[in-house]
Amino acid sequence: KPSTPMVIATWNVPNATAKAWEVLQAGKSALDAVEQGVMVEEADEKNQSVGKGGLPDRDGNVTLDACIMNKDGDYGAVVCIENIKHPISVARKVMEDTPHVLLAGNGAKQFAIESGFTPENLLTEASKKAWEDWKVKSEYKPIINVENHDTIGMLAIDKNGDISGACTTSGLSYKMQGRVGDSAIIGSGLFVDNEVGGATATGMGEEVLKTVGSFLIVELMRQGKSPQEACEEAVKRVIQKSPNYKDFQVGYIAVNKKGETGAYCIHEWFNYTTNQDGENVNHKSDFYAK
Ligand code: SD4
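Reading the values: the criteria
Residues numbered from 1 in each chain as written. Predicted model: local features only at pLDDT ≥ 70, side-chain atom pairs only at ≥ 80, totals over all residues. Helix = DSSP H or I, 4+ residues; strand = E, 2+ residues; numbered from the N terminus. Rg over C-alpha atoms; globule rule 2.2 N^0.38 Å. Buried ≥ 20, exposed ≤ 12 C-beta atoms within 10 Å, placed from the backbone. Contact = placed C-beta atoms within 7 Å. Axes fitted to C-alpha atoms, helices over the stretch in contact; angles between N-to-C directions. Parallel < 35°, antiparallel > 145°, perpendicular 65-115°, else oblique. Left-handed = near helix turned anticlockwise from the far one by under 90°. UniProt positions renumbered as here; feature names shortened; annotations may be inferred. Core = buried A, V, L, I, M, F, W, Y, C linked by C-beta atoms within 7 Å. Pairing = 2+ DSSP bridges.

Caption draft 1: Main features of the overall build of the chain. Secondary structure summary: the chain contains eight helices and 13 strands in total. For the chain, the C-alpha radius of gyration of 17 Å lies close to 19 Å, the compact-globule estimate for 290 residues. Seen through its principal axes, the chain has C-alpha atoms that stretch 50 × 45 × 35 Å. For the chain, buried positions account for 56% of its 290 residues. Of the contacts formed within the chain by residues at least 6 apart in sequence, a portion of 64% connects residues at least 24 apart.

Caption draft 2: Representation of the packing of helix 1 (residues 14-25) against helix 2 (residues 30-43) within the structure. As a packed pair, helix 1 and helix 2 sit with axes 8 Å apart at the nearest point and diverge in direction by 150°. Between helix 1 and helix 2, the crossing angle belongs to the class labelled roughly antiparallel. Crossing geometry of helix 1 relative to helix 2 is assigned as right-handed. Counting all contacts with helix 1, which are made through Asn15, Ala16, Thr17, Lys19, Ala20, Val23 and Leu24, the residues of helix 2 involved are Asp32, Ala33, Val34, Gln36, Gly37, Val38, Val40 and Glu41.

Caption draft 3: Highlighting unusual backbone geometry. Cis geometry is found at the peptide bond from threonine 4 to proline 5, where omega equals -5°. Checked against the element boundaries, proline 5 lands in the segment before strand 1 (6-10). For cysteine 80, which is not glycine, the phi torsion reads 55° and is therefore positive. Positive phi values are uncommon outside glycine, yet valine 212 reaches one of about 45°. Residue class for valine 212 comes out partly exposed when judged on the 18 C-beta atoms lying within 10 Å of it.

Caption draft 4: Molecular detail of the environment of tyrosine 245. Positionally, tyrosine 245 belongs in the loop between helix 8 (227-241) and strand 9 (250-256). Each C-alpha atom of the pair tyrosine 245 and alanine 289 lies 9.0 Å from the other, and the pair is 44 residues apart in sequence. When sequence neighbours within four positions are dropped, the list of residues in contact with tyrosine 245 reads Val238, Ile239 and Ile266.

Caption draft 5: Focus on the UniProt feature "binding site: substrate" (unreviewed entry) in the chain. UniProt records the feature "binding site: substrate" (unreviewed entry) at Arg179, Val180, Gly181, Asp182, Thr202, Gly203, Met204 and Gly205, using the numbering of this structure. Apart from the residues lying within four places of it in its own chain, the contact partners of glycine 181 are Asp65, Thr169, Gly171, Leu172 and Gly205. By the element assignment, glycine 203 lies in strand 8 (residues 197-203).

Caption draft 6: Molecular detail of the UniProt feature "active site" (unreviewed entry) in the chain. Per the UniProt annotation, the sites labelled "active site" (unreviewed entry) are Thr151. Take threonine 151: there are 31 C-beta atoms within 10 Å of it, and that puts it in the buried class. The contacts of threonine 151, once residues within four sequence positions are left out, are Thr10, Ser49, Val50, Cys167, Thr169, Ser183 and Thr202.

Caption draft 7: Here's a closer look at the nonpolar core. In terms of nonpolar packing, the biggest core is built from 82 residues, with Val34, Val78, Met154, Ala156, Ile217 and Tyr252 touching the most fellow members. A total of seven residues in this core trace back to one element, the largest contributor, which is helix 2. Methionine 154 has contacts with Val7, Ala9, Ala16, Ala20, Val34, Gly37, Val38, Gly165 and Ala166, leaving out every residue within four places of it along the chain.

Caption draft 8: Quick peek at the sheet that holds strand 2 (residues 64-69). Reading across from one edge, 4-3-2-6-5-1-11-12 is the order of the eight strands in this open sheet, with mixed pairing throughout. Each of the sheet's edge strands pairs with one partner strand only, and the pair in question is strand 4 (102-104) and strand 12 (279-284). Pairwise comparison of adjacent strand axes, ignoring direction, gives a mean angle of 10° for this sheet. With six bridges joining them, strand 5 (residues 152-157) and strand 6 (residues 163-169) adopt antiparallel strand pairing. Looking across to strand 6, one finds that glycine 153 is bridged to cysteine 167. Along the sheet face, helix 1 touches strand 1, strand 5, strand 11 (271-276) and strand 12 and points at about 25° away from the line of strand 11.

Caption draft 9: Looking closely at the pairing of strand 1. With five of its five residues buried, strand 1 lies for the most part within the structure. Burial of the side chains of strand 1 extends over both faces: Met6, Ile8 and Thr10 are buried on one face and Val7 and Ala9 on the other. Inspection of the sheet shows strand 1 paired to strand 5 by four bridges, in the antiparallel sense. If you follow alanine 9 over to strand 5, its bridge partner there is methionine 154. Relative to strand 11, strand 1 runs antiparallel, the two sharing five bridges. Each bridged residue has a counterpart across the sheet, and for methionine 6 the counterpart in strand 11 is glutamine 276.

Caption draft 10: The sheet that holds strand 13 (residues 286-287), seen in detail. Taken together, the five strands give an open sheet; going across it, the order is 7-8-9-10-13, and neighbouring strands pair in mixed fashion. Each end of this open sheet is capped by a strand with a single partner; those strands are strand 7 (190-193) and strand 13. With two bridges joining them, strand 10 (residues 261-265) and strand 13 adopt parallel strand pairing. What sits directly across from tyrosine 264, in strand 13, is aspartate 286.

Next up, the structure:
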């Protein structure tokens, strides 16, 4: 049953959604909820797809992408930032404290340090070992393992009915140096329109970027589609454009103003977590390739 306030996030991230719910319960905004929610995963070294412990690029650099959107449609993002554990908070500062919306690489890191963030090594022993094992063959196939990736995209609706969203990732593992995916790009990895709803993506960023998936979902909801119908349409768009869809995963989640949710992906195993009334529920997403 749809109800608000609520939180929805990609993958099985009960600690993150519980944190976001706690923030909402304290009467804070959806913006605070999504920021603090995804920070839980950024700090979790065991999650090798975001923040500290993220898998590096092919040269061993951990480079992170993150973005955030508020109820007014403001957007802030960092791409290819290194050594900063909480890129989502830097993205929020870009949105709130600069005349810009997107900072990249060294400039983003510089801004983070000037804003009080402490640089640190993000390559954990476990991720370093995984990279060293990968280097033995160095097979550069930018094919996402369909079972194992967990960029976190989160959407929340607060007690005022306002929607915000956040998305954070270390991107595809062993990507080329400088590669930026969909997660921090407005309309692709995330889009929120407070009059309509929000959407966020996980999976092969190149495919999400080509079809501007999250914006598409929000626009379809604006035209009257349910979040579920809109997610299905966005996945079908990817499939129409990419005959090799069997080789990669894309998954979307969405929520509308009423708190109705939707999710759809190409391959089985995508799942997502909701929190309504303080209860975390993990859901299996419906999928195309049956
Ligand atoms: C990217 N969409 O950088 C991200 C990867 C991802 O879980 O979702 N990983 O393309």
